[in-house]
Amino acid sequence: MARKEQVMFMIYYISDTHFGHANIIRHCSRPFYNVKEMDNAMISSWNRRVNSEDTVYILGDLMFRSAIEPTVYLERLPGKKHLILGNHDPSWMKKGDYSRFFESVSERSVIQDNSRSITLIHDPVQAMDDFERDSEWLVYGHIHNNRHDDCWTKLQALEHALNAGVEINAYQPVTLEELIRNNTEFKKS
């Protein structure tokens, strides 16, 4: 009798892609010439990593000020997507019903990734003081690669707080282990 091969599906995290947002390139020193190049590079990276059965937690600000209809992006991004709402998401979400593209949409969530309990939120200020009550880890977005405020100082001191922003995660969805490694490097640099 042949053994069935066990298929492993991955869990990924990403935040602050800002698809369609030209000013984010300058604001966060992204290495792209224009918004079309940025969008295509991030979509290509996403598609190289994520298959239709993988889970992707998007920690807010998926798009902003895009001239392109949100469906055009969403149809090109595989995976079982869960959106944690960011401060810029309501602006594109009010243009239509995009619920068919997401397994869930929420402001905050607590999940399990293997044996690790993780609080997911866009703005870390809203969870920084209490995430340990609900989970061992905090994965967040919102601050991009900014290191110039009190929030960064507090987050840097939290060993189990991880920034899912694309600027420190190679502009692609990453696993929890990759998040840990990338954040360790970002905090050192």
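Check the entry above for the structure.
Residues numbered from 1 in each chain as written. Predicted model: local features only at pLDDT ≥ 70, side-chain atom pairs only at ≥ 80, totals over all residues. Heavy atoms only, no water.

Focus: the sheet that holds strand β5 (residues 108-113)
Right, on to step 1. Ordered by their spatial adjacency, 4 strands build an open sheet running β5-β6-β7-β8, and the pairing between neighbours is mixed. Strands with a single pairing partner mark the edges of an open sheet, and in this sheet they are β5 and β8 (161-163). Put simply, the sheet's adjacent strands are angled 25° from each other on average, direction ignored.
Right, on to step 2. By the bridge criterion, 6 bridges tie β5 to strand β6 (residues 116-121) in an arrangement that is antiparallel. (Pairing = 2+ DSSP bridges. Helix = DSSP H or I, 4+ residues; strand = E, 2+ residues; numbered from the N terminus. Axes fitted to C-alpha atoms, helices over the stretch in contact; angles between N-to-C directions.)

Some thoughts on the layout of surface pockets
Right, on to step 1. For the largest pocket, the calculated volume is near 230 Å³.
Right, on to step 2. Considering the residues around the largest pocket, the lining is formed by Met8, Phe9, Met10, Ile11, Asp113, Asn114, Arg116, Thr175, Leu176 and Glu177.
Right, on to step 3. A per-class count over the lining of the largest pocket returns 5 nonpolar, 2 polar and 3 charged. (1 Å grid on protein atoms, 1.4 Å probe; cavity = no way out; pocket = protein on both sides within 12 Å on 5 of 7 lines; lining within 4 Å. Points joined across faces, edges and corners; volume = space filled by probe spheres on them. Nonpolar A, V, L, I, M, F, W, Y, C, P; charged D, E, K, R; others polar.)

Some details on the side chain of Thr119
Right, on to step 1. Its location among the elements puts Thr119 in strand β6.
Right, on to step 2. Given the relative accessible area of 0%, Thr119 is considered buried.
Right, on to step 3. Those residues in contact with Thr119 that lie beyond four places of it in its chain are Arg108, Ser109, Val110, Phe131, Asp134, Ser135, Trp137, Leu138 and Val139. (Buried < 20%, exposed > 50% of the residue type's maximum accessible area, 1.4 Å probe, protein only. Contact = heavy atoms within 4.5 Å.)

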